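# Chains, contacts and geometry: an overview
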Amino acid sequence: ILTSIRIIAKSYERILAAMADAHLTVTHAMEVWLGEHFNVHGANVRVLYDKPPMLFRPTTIDEEHELFQRLDLEGENEQL
């Protein structure tokens, strides 16, 4: 029965993929894969790279230390 569900789902996706106005992918490889497996090509396929905004950056050692002091993880572990 799982095989039947997979076949139905794949057919459903292929039919609806051709009808969609636009397709969004997060990598160029995914765009190529859509073209090969779902025959989706052209201007209606866009790559939106998934990357964090500039607000996110690596945490400094001082920031990590301050966070762990606020969380008091060491004191919490002693109670266990």
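Scroll up to find the structure.
Overview of the structure. (Residues numbered from 1 in each chain as written. Predicted model: local features only at pLDDT ≥ 70, side-chain atom pairs only at ≥ 80, totals over all residues. Heavy atoms only, no water.)

## Some remarks on the overall build of the chain
The helix and strand inventory of the chain stands at four helices and two strands. The linear arrangement of helices and strands in the chain, starting from the amino end, is α-β-α-β-α-α. Over its C-alpha atoms the chain spans a radius of gyration of 23 Å, topping by over 25% the 12 Å that the globule rule assigns to 80 residues. Dimensions of the chain along its principal axes, counting C-alpha atoms only, are 55 × 40 × 20 Å. A burial count over the chain gives 11% of its 80 residues as buried. For the chain, restricting intrachain contacts to residue pairs at least 6 apart in sequence, the fraction spanning at least 24 positions comes to 14%. With an accessible surface of roughly 7500 Å², the chain has 61% of that area assigned to carbon and sulfur atoms. Put simply, the chain has 7 plus and 13 minus side-chain charges, and the middle of one group is 16 Å from the middle of the other. (Helix = DSSP H or I, 4+ residues; strand = E, 2+ residues; numbered from the N terminus. Rg over C-alpha atoms; globule rule 2.2 N^0.38 Å. Buried < 20%, exposed > 50% of the residue type's maximum accessible area, 1.4 Å probe, protein only. Contact = heavy atoms within 4.5 Å. Areas by Shrake-Rupley, 256 points an atom, 1.4 Å probe, with all protein chains shown as cover. Lys, Arg positive; Asp, Glu negative; His and termini not counted. Charge placed at Lys NZ, Arg CZ, Asp CG, Glu CD.)

## Details of the side chain of H23
Structurally, H23 is set in strand β1 (residues 23-25). Judged by relative accessible area, which is 11%, H23 ranks as buried.

## A closer look at the side chain of T25
Relative to the helices and strands, T25 is located in strand β1. Since its relative accessible area comes to 2%, T25 is described here as buried. Here T27 takes part through its backbone oxygen, which lies 3.2 Å from a polar atom of the side chain of T25. Contact partners of T25, with chain neighbours within four places excluded, come to M30, E31, L34, V45, R46, V47 and L48. (Polar contact = N/O pair within 3.5 Å; in protein donor to acceptor, adjacent residues only side chain to side chain.)

## Focus: the packing of aromatic side chains
Enumeration over the complete set of coordinates arrives at one aromatic pair. Ring centres of W33 and F38 lie 5.5 Å apart, and the angle between their planes is 50°; on these two criteria the pair is classed as tilted. A relative accessible area of 41% means that W33 is categorised as partly exposed. The aromatic ring of F38 is capped on one face by R14, whose charged end is 5.7 Å from the ring centroid. (Phe/Tyr/Trp six-rings, centres within 6.5 Å; stacked < 30°, edge-to-face > 60°. Lys NZ or Arg CZ within 6 Å of the ring centre and 35° of its normal.)

## Quick word on the nonpolar core
Membership of the largest hydrophobic core is limited to five residues, which are A17, L34, F38, V40 and V45. Sequence-distant contacts of F38, that is, excluding residues within four places in its chain, are made with E13, R14, A17 and W33. (Core = buried A, V, L, I, M, F, W, Y, C linked by side-chain atoms within 4.5 Å.)

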